[in-house]
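These are the residues of each chain, in order.
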Amino acid sequence: PEDRLKITLRYQDLYDKSLRSVMKSEAGGDFGKALKYLSLNPVEAECKMIKDACKGIGSHKKILFSILCGRSNRDMELLKKTYYKFYSKDLSALITSESGGDIRKIFSACLQAAEEDFDPDYHTEDKAKEDAEDIYKAGQGRWGTSETKLFKLIVLTPPKYLSMVNARYANDYGYTLAKAMEKELSGDAKDAAIFTVNMRLKPYEAIAGVI
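Not measured: the values here are computed from a predicted model.

What follows is about the pattern of salt bridges. This model, assessed by the stated rule, comprises 12 salt bridges. Among the ionic pairs, Glu46 bridges to Arg71, the shortest N-O distance being 3.0 Å. Of this pair, Glu46 sits in helix α4 (residues 42-53) while Arg71 sits in the loop between α5 (61-68) and α6 (73-87), and the two are 25 residues apart along the sequence.

With that settled, the discussion passes to the packing of aromatic side chains. Across all of its chains, the model carries seven aromatic pairs by this definition. Aromatic side chains Tyr136 and Tyr173 sit 4.1 Å apart centroid to centroid with 5° between the ring planes, which places their arrangement in the stacked category. Separated by 37 residues along the polypeptide, Tyr136 in helix α9 (residues 125-138) and Tyr173 in helix α11 (residues 159-173) bring together distant segments of the chain. You can call Tyr136 partly exposed: its relative accessible area is 29%. Among the residues examined, Tyr173 registers a relative accessible area of 23% and is labelled partly exposed. Taken together, the ring pairs in this structure connect Tyr136, Tyr169, Tyr173 and Tyr175 into an aromatic cluster. Taking NZ or CZ as reference, Lys183 lies 5.2 Å from the ring centre of Tyr175, over its face.

For Ser88, which is not glycine, the phi dihedral falls at a positive 55°. Here Ser88 is to be found in the loop between α6 and α7 (91-98). Of note in the backbone geometry, Ala113 takes a positive phi value of approximately 50° without being a glycine. Owing to a relative accessible area of 14%, Ala113 belongs among the buried residues under this scheme.

Moving on, we get to the nonpolar core. In this structure, Ile50, Leu68, Leu79, Leu91, Ile154 and Met181 are the most contacted members of the largest nonpolar core, which totals 51 residues. Per-element accounting of this core gives the leading share, seven residues, to helix α13 (residues 187-201).

Think of an α-helix as turning once every 3.6 residues; residues three or four places apart then point the same way. If you check α4, its first and last C-alpha atoms are 16 Å apart, about what 12 residues at 1.5 Å a residue would give, namely 16 Å. Among the residues making up α4, those that are buried are Val43, Ala45, Cys47, Lys48, Ile50, Asp52 and Ala53. Its side-chain oxygen at 3.0 Å from the backbone nitrogen of Val43, Asn41 defines the N-terminal cap of α4.

Rules used in this analysis
Residues numbered from 1 in each chain as written. Predicted model: local features only at pLDDT ≥ 70, side-chain atom pairs only at ≥ 80, totals over all residues. Heavy atoms only, no water. Salt bridge = Lys/Arg side-chain N within 4 Å of Asp/Glu carboxyl O. Helix = DSSP H or I, 4+ residues; strand = E, 2+ residues; numbered from the N terminus. Phe/Tyr/Trp six-rings, centres within 6.5 Å; stacked < 30°, edge-to-face > 60°. Buried < 20%, exposed > 50% of the residue type's maximum accessible area, 1.4 Å probe, protein only. Lys NZ or Arg CZ within 6 Å of the ring centre and 35° of its normal. Core = buried A, V, L, I, M, F, W, Y, C linked by side-chain atoms within 4.5 Å. Expected span 1.5 Å × (residues − 1). Polar contact = N/O pair within 3.5 Å; in protein donor to acceptor, adjacent residues only side chain to side chain.

What follows is the structure, encoded as structure tokens:
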């Protein structure tokens, strides 16, 4: 990405025009769209993808959750600042207006950029057992107000602790957190929740799964 950005900047210096505008005029379709994204730095490209995903009726939730879910606090703050810089719009307000139901709860938790630091005195095995039990009790077709708590758990707890909860859940109830999301959620919210869990626990596999 850094080398690609250098090409973009150097092209502007040499020819007094943006590489993105050249890609826009020279190529169309999905290939042209990909080239336009590649002519931007990674965060700017993600902001443009979000903007494009929110055009027209409805929004492309898969694009949104693949960008918003699983980011570090620093990366999320950078994304929000960059979006406002280029489009003069608050990203949190935009996403709230473009989503609803359970997936809005997931996005809201992600946009907080408030992932906790791992504290061995707080994030203990006993707490992992307690949280795993709470998730199980909230499931079995009875999720409702508990969903917000669940989404905060999978988004805001440290990956190391989430791994502990996942291991405890699998040990006590026979399947992983991702499987629990699959069983108890539906539609875009299910896909976003599974992606979020996998991004926290095995990010390379999560990214490969949306390609």
